[in-house]
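Spelled out, the chains give:
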Amino acid sequence: MGFFVVKLVKDLQVHPRFFNASLSDTLKQRLISEVEGQFAGRHGFIVIVQKIEEPIPVGEIDSSTGFAVFPIKYHALVFRPFRGEVLDSIVTRVLPHGFLASAGPLDIFVSHHCLPSDMKYDQQGECWVSINQADKIETKTAVRLKLIGLKVEATKMHATGSMKEDFLGPIASSADYI
Amino acid sequence: MAGRIPGRSVVTKEEDAGELRLGKEFDPKVATALMICEAHALLQEKLQKGDVSDDMDSVFRRSLAYTEKFDRVRELENTQAIRERLDRQRELHPYERAQLVNLLPDTAEEAKSIIPSLQEKVNEDQLNHLLQDLASFTQG
């Protein structure tokens with residue numbers, strides 16, 4: 001659910017004082033610190049730089065700044081959820097109008113409209129419970145959701161999920177994996 | 001009305017994982033879909049090398065916590081065995097193969113419900129057989 005290795009390119013701007021024998025190490029460190037943990041639009045979240053393609057390309061001087069620009073090609077482990085995807089998540093916050101869950105770096109909102117109709121909010125327990133008491137959603141519950149909405153912005157991603165279809169909901173055996 | 005500012009905000013209406021519409025960035029020719037256990041191995045490797053964020057809210061830490069919790073394969077040799085078994089299922093899209101292991105459905109019916117693109121692709125017997133093989137490599 002959402003982990004991929006993709007090939008990306010990053011233009012690194014380097015000040016001339018780094019033009020020395022350790023330039024290639026400088027470039028590698030710069031790449032890691034500039035892209036890891038960043039959100040890269042349609043490519044999703046860049047989790048780690050897995051591999052940098054060698055040889056490192058020749059830089060080109062930017063005549064307006066005096067910096068050199070190196071187009072570094074690399075392989076990244078990214079996390080990218082998709083609309084229509086079913087994935088497992090952990091409930092982070094229960095609200096009277098739904099709940100919030102997280103799947104890796106992604107936050108997902110599930111509205112009460114997208115919960116099975118037999119689930120009711122329990123104000124005292126701050127949880128959602130099914131009428132027969134079989135299903136309970138509280139903080140830290142592992143739930144299987146379907147992503148029904150995904151909005152990709154320049155720096156972040158908004159996701160909405162649903163628990164209304166068959167085979168979605170709290171994961172019974174989640175205790176085995178803790 | 002002014003046009004949409006490029007790159008600012010994209011509602012991903014054209015995408016639908018249920019129909020394998022993942023967008024050109026995630027075409028199997030340019031992107032490799034990983035199973036959670038494979039992603040977990042890469043994150044562990046990075047963790048052992050050190051130099052990772054201590055901020056538990058960082059993309060790295062949140063991803064690591066996620067793969068730790070939902071990796072149902074655990075052993076590296078099982079990961080390799082699963083990968084070999086899945087790669088024999090040539091009719092399946094690489095994304096479908098990863099989803100099967102990540103979600104580990106119990107039955108063909110469940111698999112086709114949570115991975116809808118499988119519906120027309122494999123018959124129940126073949127799928128049940130594959131699910132049994134996968135279950136033998138996983139814990140739980």
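Small disclaimer: the values here were computed from a predicted structure and weren't measured.

Now for the environment of Gln80 of chain B. All names here are of chain B. Note on placement: Gln80 falls in helix α3 (residues 76-87). Overall, the relative accessible area of 47% leaves Gln80 in the partly exposed class. Through-space distance from the C-alpha of Gln80 to that of Glu38 is 9.2 Å; in sequence the pair is 42 residues apart.

Further remarks concern the packing of aromatic side chains. Taken as a whole and judged by the stated rule, the model has eleven aromatic pairs over all chains. Relative to Phe45 of chain A, the ring of Phe39 of chain A lies with its centre 4.9 Å away and its plane at 65°, an arrangement referred to as edge-to-face. Of the residues examined, Phe39 of chain A reaches a relative accessible area of 12% and is grouped as buried. Members of the aromatic cluster, connected to one another through ring pairs, are Phe3, Phe39, Phe45 and Phe79 of chain A together with Tyr66 and Phe70 of chain B. A cation sits over an aromatic face here: Lys69 of chain B above Phe70 of chain B, 5.9 Å from the ring centre.

Now for the packing of α3 of chain B against helix α6 (residues 124-136) of chain B. Residue and element names in this part refer to chain B. One way to put it is that α3 packs onto α6 with a least axis distance of 10 Å and a crossing angle of 165°. Accordingly, the angle class assigned to the pair α3 and α6 is roughly antiparallel. Taken as a pair, α3 and α6 cross one another with a handedness that is right-handed. Together, Ile82, Arg85 and Leu86 of α3 and His129, Leu130, Asp133 and Leu134 of α6 make up the contact between the two elements. Tallied by class, residues from the contact of α3 with α6 come to four nonpolar, one polar and two charged.

This next bit is on the sheet that holds strand β8 (residues 119-122) of chain A. Residues and elements named next belong to chain A. Spatial ordering of the open sheet is given by β8-β9-β10, a layout of three strands whose pairing is antiparallel. Among the strands making up the open sheet, the edge pair consists of β8 and β10 (136-137). With four bridges joining them, β8 and strand β9 (residues 127-130) adopt antiparallel strand pairing. Within β9, the residue paired with Tyr121 across the bridge is Trp128.

Turning our eyes to something else, we now look at a negative patch on the surface. A contiguous patch of negative charge on the surface is contributed by Asp166 of chain A together with Glu109, Glu124 and Asp125 of chain B. The residue Glu124 of chain B is located in helix α6 in this model.

Let us look at the interface of chain B and chain A. Residue-level contacts link 46 residues of chain B with 49 residues of chain A. Summing both sides of the interface, chain B and chain A together bury roughly 4300 Å²; the carbon and sulfur share of this comes to 59%. Inspection of the chain B/chain A interface yields eight salt bridges. Here Glu36 of chain A and Lys46 of chain B are joined by a salt bridge, their closest N and O atoms 3.0 Å apart.

Accessible area lost when the parts come together is the quantity often used to give the size of an interface. Residues and elements named next belong to chain A. Domain assignment breaks chain A into domain 1 (3-79) and domain 2 (86-177). Taken together, the contact pairs five residues of domain 1 with nine residues of domain 2. Considering only the side of domain 1, the residues that lose the most area to domain 2 are Phe39, Phe45 and Phe79, jointly responsible for 82% of the buried surface there. Where domain 1 packs against domain 2, one counts zero salt bridges. Put simply, domain 1 and domain 2 have zero residue pairs in polar contact (both at pLDDT 80 or more) between them. Along the lines of polarity and charge, the residues of the side of domain 1 that touches domain 2 split into three nonpolar, one polar and one charged.

All names here are of chain A. Looking at chain A, pLDDT values average 93 and 96% of them are 70 or higher. Taken element by element, chain A is modelled with least confidence in strand β11 (residues 142-153), mean pLDDT 93, and with most confidence in strand β4 (residues 68-79), mean pLDDT 98. With pLDDT under 50 throughout, residues 174-178 is counted as low confidence; its partners more than four residues away or in other chains account for nine contacts.

Here chain B averages 88 in pLDDT, while 90% of its residues score no lower than 70. The low-confidence segment residues 1-5 of chain B (pLDDT under 50) makes two contacts with residues lying over four places distant or belonging to another chain.

The next point concerns the side chain of Asp71 of chain B. Residues and elements named next belong to chain B. Relative to the elements of secondary structure, Asp71 occurs in the loop between α2 (59-70) and α3. A distance of 2.8 Å separates a polar atom in the side chain of Asp71 from the backbone nitrogen of Val73. Apart from residues lying up to four places away in sequence, Asp71 is in contact with Ile36, Cys37 and His40.

What counts, and where the lines are drawn
- Going along each chain's sequence as written, the residues are numbered from 1 onward.
- Chain labels run from A onward and ligand labels from 1 onward, assigned in the order the entries are written.
- This being a predicted model, a pLDDT of at least 70 is required before a residue's local features are given, and a value of 80 or more before pairs of side-chain atoms are given or counted; all residues contribute to the totals for chains, interfaces and linings.
- Think of the side-chain values as coming from all heavy atoms in the structure, minus any hydrogens and water.
- Each helix is a run of DSSP H or I of at least 4 residues and each strand a run of E of at least 2, with the numbering of both proceeding from the N terminus.
- With a 1.4 Å probe rolled over the protein chains alone, any residue whose accessible area is under 20% of its type maximum counts as buried; one over 50% counts as exposed, and the rest are partly exposed.
- Stacked, edge-to-face and tilted are the three classes for Phe, Tyr and Trp ring pairs, Trp counted by its six-membered ring, which pair at centre distances within 6.5 Å; planes under 30 degrees apart are stacked, over 60 edge-to-face, the rest tilted.
- Charge-over-ring placement is defined geometrically: NZ (Lys) or CZ (Arg) within 6 Å of the ring centre, and within 35 degrees of the ring normal.
- Axis definition: a line fitted to C-alpha atoms, over the contacting stretch in the case of helices. Angles run 0 to 180 degrees between N-to-C directions.
- Note on terminology: angles under 35 degrees are roughly parallel, angles over 145 are roughly antiparallel, angles of 65 to 115 are roughly perpendicular, and the others are oblique.
- Crossings are classed by handedness, with left-handed meaning an anticlockwise turn of the near helix from the far one by less than a right angle and right-handed meaning a clockwise turn.
- Here, two residues are considered to be in contact whenever any of their heavy atoms come within 4.5 Å of each other.
- Each residue is assigned to one class: nonpolar for Ala, Val, Leu, Ile, Met, Phe, Trp, Tyr, Cys and Pro, charged for Asp, Glu, Lys and Arg, and polar for all the others, Gly among them.
- Strand pairing requires that DSSP identify at least two bridges connecting the strands.
- Patch membership is restricted to residues that have no salt bridge and whose relative accessible area is over 30%. Joining uses 9 Å for like charges and 5 Å for the nonpolar side chains Val, Leu, Ile, Met, Phe, Trp and Tyr.
- Accessibility throughout is a Shrake-Rupley quantity obtained with a 1.4 Å probe, and a residue counts as covered only by protein chains that appear here.
- Salt bridges are counted wherever a side-chain nitrogen of Lys or Arg sits within 4 Å of a carboxyl oxygen of Asp or Glu.
- Charge counting follows a simple rule: Lys and Arg are positive, Asp and Glu are negative, and His as well as the terminal groups are ignored.
- Lysine's charge is taken at NZ, arginine's at CZ, aspartate's at CG and glutamate's at CD.
- Buried surface area refers to the total accessible area, computed with a probe of radius 1.4 Å, that the two partners give up upon joining, counted for both partners together.
- Delimitation of the domains relies on an automatic or database domain assignment.
- Side-chain atoms alone can form a polar contact between residues adjacent in sequence; in general such a contact is a pair of N or O atoms within 3.5 Å, and within protein one must be able to donate a hydrogen while the other accepts it.
- Each residue carries a pLDDT score, the predictor's confidence in it, ranging from 0 to 100.

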